[in-house]
Amino acid sequence: MNNNVIKYLKPKYVYIPLFNSKEKYQINKYIYKGQVVAVKKEYNIYSPVSGYIKGIEKHLNTDNKIIRYLKIENDYKEKIEKYKVLNNIYYNKESFINTIVKSKIIDYKPVDIKILVINLLTNIDINNNIIILKEKCSKILETIDNINTMLNIPTYILINDKVNNTNILNKYIKSYPNIKVKMTNIKYINDDILVNNIFNLNKKNTLLLNINQIISIDNLLKYNFPSMEKIITIKDNNKELLVNIKIGSLLSEVLDIKTNNNLLVVGSLLRGKSLQSDDLVIDQNIESIYIIKNKYAKENPCIRCGKCISVCPYGISPIEVRNKVLNNKKISSSNIDKCIECGLCSYHCPSKIELVEYIKKAKEKEYEKV
Amino acid sequence: MKKFNIRKGIFLKSKDTIYKRNYTLTFILFLFLLLRTFISIYLSLNNKGNLYTIFYPLIYIIISIIIFYNIENIYYNLIKNKKTSSYIFNNIINYCLIISLLLPEDILIYKILIINIISVIIKILTKNYLNPIVIPFIILNINTPIWNITNTFYIIYLSLCILSFIYLILKKYIKYKIPITYLITLILLGIIINLDITNYLNILPFILLFILPHNESTSVKHNMQIIYGIFASIITILTNNIFIAILIANIVYLIYILIFEIKTTNLFNLKIEY
């Protein structure tokens, strides 16, 4: 794996998603970096660069939908509003949580937080943690320590073998006695399962952060707006790149992807989506992009081995759901509602049946009834 | 802007395939075949057998493969769902090997033909919900020990069974709860009702390994697998015939899934592709 991080931090244009169709924008108006340019319900959307508004364009988002974006021309000056640099804000527990929710650094609002957990686990499709950690270990630990001081709760860094073998943390961790490193063999599937299995707590009582979120919080503490760049993994068949990219950049401007029988997948390989074009605007939620050959294993008849049940983290019987979908029989909604669509059943199925798709179908049927 | 194809589903699949599973089982069965041949050669050299005993499992396997392959091929052509030769072969080879290893050496040739024909027809008609191996053995009343093996060979045979069982558990290719619960229940019942279970010792390890935990005719749920093992064990004691016990357990499970799991009354209406 290539350990170098390629930087793409000076895009000519950046694109901000617009949610309010009535809002009007003045062409050529100057925008500062970190200025709030759009608002969606409870969170703000900040400008990743300083520059001039050039109009509204339609591009693809990660849900495969074409939506409106505000186009900002980068002046490459990265100008920040003066008051943001001069006025350092001191956060308490509540204001800190509110700010990270409002800045969309986390997508849930924790209540009565009992622990802070930093997820550095690597998995079959999440493996950029080690490289980012190698690059920015001391800075990351410093930020974690700052958050720990603010929240005053037990703090754990979760690692598995791969991270441990690199010995990156050992170098610096002794300087931070409040941060504990916890080794686990649990495979990362879902935040809820992770927190529940290791700490026996609900995700809502935990502040669970990943490495990109820590970097974002570091920026938030310094400038009062989250980091406008992130490190994402781009895997083109066998080549793997780590790209430090400006949020709001257009993927087609970053990479020249060959279309020949390729699929463009955003998100993980188990839960991600295949996109219709490379006209994608990079947003905060993107962790990885895969360009893979459009080859898929042929479905074979079910051999009723029960592996899908064994691997399901919620003990659902995906094959039973599939049989009921095929036979148009009623499915208990309490059963399928538990499914988090982690894709483990489809991944492990020796007959290569797309079981998750049947569960999605069953869910759609249920929603139609409601 | 470049356009890409869209595909639903997941984009990463494990290397565990039904082909790999079946051929792993084939490899293990092949080891049993080698052991059987070795025993035959040994007996032949000690004037306790003849040349025919060395080659009979091979002859049975060839007959079995020819019958299974052709009937399956005809079936797939009839339902206009053409399958490749490698698919059909992978699908049938283990049944052929198990039947051939189970048949006694003094069986008449017409019986071999009948067994294989019944077996493949049941496999097709019941969509594998009934174990295709047990029914012909019940119909023709064949319940003999697998081979006449002496103490030394029995230890090798038993060791091979145990090692294969451990290997299949490690690979997660076997529903191990069924044979384990079956064996424990059988031993406990044997102790309680003072039953001599030594009659089963010869054939039992092979059946526990290859017939009882048959994937398609047993439940996918862990609790049901335990119940299945206990139930099959009780029926074995009651009927004194393992094949009948497996068949009854299969039928009970089939009724259960038709009524409670899929809620249909007709097996043939099940839209589960075969």
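Rules and cut-offs
- Residues numbered from 1 in each chain as written.
- Chains lettered and ligands numbered in written order.
- Predicted model: local features only at pLDDT ≥ 70, side-chain atom pairs only at ≥ 80, totals over all residues.
- Heavy atoms only, no water.
- Helix = DSSP H or I, 4+ residues; strand = E, 2+ residues; numbered from the N terminus.
- Rg over C-alpha atoms; globule rule 2.2 N^0.38 Å.
- Buried < 20%, exposed > 50% of the residue type's maximum accessible area, 1.4 Å probe, protein only.
- Contact = heavy atoms within 4.5 Å.
- Core = buried A, V, L, I, M, F, W, Y, C linked by side-chain atoms within 4.5 Å.
- Salt bridge = Lys/Arg side-chain N within 4 Å of Asp/Glu carboxyl O.
- Polar contact = N/O pair within 3.5 Å; in protein donor to acceptor, adjacent residues only side chain to side chain.
- Nonpolar A, V, L, I, M, F, W, Y, C, P; charged D, E, K, R; others polar.
- Pairing = 2+ DSSP bridges.
- Expected span 1.5 Å × (residues − 1).
- Phe/Tyr/Trp six-rings, centres within 6.5 Å; stacked < 30°, edge-to-face > 60°.
- Axes fitted to C-alpha atoms, helices over the stretch in contact; angles between N-to-C directions.
- Parallel < 35°, antiparallel > 145°, perpendicular 65-115°, else oblique.
- Left-handed = near helix turned anticlockwise from the far one by under 90°.

Let us now look at the overall build of chain A. Helix and strand content of chain A: 13 helices and 16 strands. For 370 residues, the compact-globule formula gives about 21 Å, and the C-alpha radius of gyration of chain A, at 22 Å, lands near that figure. On the principal axes, the C-alpha backbone points of chain A span a range of 65 × 50 × 45 Å. Put simply, chain A has 370 residues, and 56% of those count as buried. For chain A, restricting intrachain contacts to residue pairs at least 6 apart in sequence, the fraction spanning at least 24 positions comes to 69%.

As a further point, take the nonpolar core. Among the nonpolar cores identified, the biggest contains 76 residues, and B:Phe32, B:Leu102, B:Leu103, B:Phe137, B:Phe206, B:Phe210 and B:Ile211 are the most heavily contacted of them. Excluding residues that lie within four positions of it along the chain, B:Phe137 makes contacts with B:Ile99, B:Leu102, B:Leu103, B:Ile115, B:Ile142 and B:Phe243. Counting residues in each nonpolar core, the second largest holds 52 residues, with A:Val117, A:Ile118, A:Leu201 and A:Leu208 among its members.

With 40 residues of chain B at the interface, the matching set in chain A holds 54 residues. Scanning the region where chain B abuts chain A turns up four salt bridges. B:Lys2 serves as the salt-bridge partner of A:Asp256, at 2.2 Å between the closest nitrogen and oxygen. The tally of links from chain B across to chain A stands at 21 residue pairs in polar contact (both at pLDDT 80 or more). At three residues, helix H1 (residues 18-45) of chain B tops the list of elements feeding residues into the side of chain B that touches chain A. Taken together, the residues of the side of chain B that touches chain A break down into 15 nonpolar, 10 polar and 15 charged.

All names here are of chain A. Strand order in the open sheet formed by four strands is E2-E7-E6-E3, with antiparallel pairing between adjacent strands. Strands with a single pairing partner mark the edges of an open sheet, and in this sheet they are strand E2 (13-17) and strand E3 (30-31). Inspection of the sheet shows E2 paired to strand E7 (residues 66-74) by five bridges, in the antiparallel sense. Looking at the pairing, Val 14 lines up with Ile 72 of E7.

Relative to the 40 Å expected for 28 residues at 1.5 Å per residue, helix H2 (residues 51-78) of chain B spans 41 Å between its end C-alpha atoms, a close match to the ideal helical length. Just downstream of H2(B) lies B:Lys80, where phi reads positive at about 55°.

The next subject is the packing of aromatic side chains. Within a pair of aromatic rings, the relevant descriptors are the distance that separates the centres and the angle that separates the planes. Counted by the stated rule, this structure contains 18 aromatic pairs over all chains. Between A:Tyr30 and A:Tyr52 the ring centres are 5.0 Å apart and the planes differ by 70°, which places this aromatic pair in the edge-to-face class. Of this pair, A:Tyr30 sits in strand E3 while A:Tyr52 sits in strand E6 (residues 51-60), and the two are 22 residues apart along the sequence. Of the residues examined, A:Tyr52 reaches a relative accessible area of 35% and is grouped as partly exposed. Consider the rings of B:Phe38 and B:Phe153, whose centres lie 6.1 Å apart with planes at 75°: the pair is edge-to-face. Placement of the pair is B:Phe38 in helix H1 and B:Phe153 in helix H6 (residues 151-170), with a sequence separation of 115 residues. The class for B:Phe38 is partly exposed, based on a relative accessible area of 49%. A residue is classified by how much of its surface remains accessible, and B:Phe153, at 7% relative accessible area, is buried. Joined through ring pairs, the aromatic side chains of B:Phe32, B:Tyr154, B:Tyr157, B:Phe206 and B:Phe210 make up one cluster.

This part covers the pattern of salt bridges. Residues and elements named next belong to chain A. Counted by the stated rule, this structure contains 19 salt bridges over all chains. Between Glu 78 and Lys 246 there is a salt bridge; the shortest N-O distance is 3.1 Å. On the criterion of sequence distance, the pair formed by Glu 78 in the loop between E7 and helix H1 (82-86) and Lys 246 in strand E13 (residues 239-246) is long-range, its members being 168 residues apart. Residue class for Lys 246 comes out buried when judged on its relative accessible area of 1%.

Turning next to the environment of B:Asn131. Residues and elements named next belong to chain B. Summarising the element assignment, Asn 131 is placed in the loop between helix H4 (109-125) and helix H5 (134-139). On the basis of relative accessibility, which here comes to 0%, the residue Asn 131 falls in the buried class. Counting along the chain gives 34 residues from Asn 131 to Leu 97, while the straight-line C-alpha distance between them is 15 Å. Beyond its immediate stretch of four places on either side in the chain, Asn 131 contacts Ile 211, His 214, Ser 217, Ile 246 and Asn 250. A polar contact of 3.0 Å, which involves the side chain of Asn 131, links it to the backbone oxygen of Ile 211.

Our focus in this paragraph is the packing of helix H7 (residues 177-192) of chain B against helix H9 (residues 222-239) of chain B. Residue and element names in this part refer to chain B. Running from N to C, H7 and H9 cross one another at 40°; their axes reach a closest spacing of 8 Å. Taken together, the axes of H7 and H9 lie oblique to each other. As H7 runs across H9, the sense of the crossing is right-handed. In contact with Lys 177, Ile 178, Thr 181, Tyr 182, Thr 185, Leu 186 and Leu 189 of H7, H9 contributes His 222, Gln 225, Ile 226, Tyr 228, Gly 229, Ile 230, Ala 232, Ser 233, Ile 234, Thr 236 and Ile 237.

Let us now look at the sheet that holds strand E9 (residues 155-159) of chain A. Residues and elements named next belong to chain A. Pairing is parallel across the open sheet formed by four strands, whose spatial order is E10-E9-E8-E11. One side of each edge strand has no neighbouring strand; the edge strands of this open sheet are strand E10 (179-183) and strand E11 (206-209). Going across the sheet, the axis of each strand differs from the next one's by a mean of 25°, ignoring polarity. In this sheet, E11 lies alongside strand E8 (residues 115-119) in parallel orientation, the contact comprising four bridges. Looking across to E11, one finds that Val 117 is bridged to Leu 208. Across the face of the sheet, helix H3 (residues 129-151) comes into contact with E8, E9, E10 and E11 while running at roughly 170° to E8. On the sheet, helix H7 (residues 211-223) packs against E8 and E11 and is oriented at approximately 100° with respect to E11.

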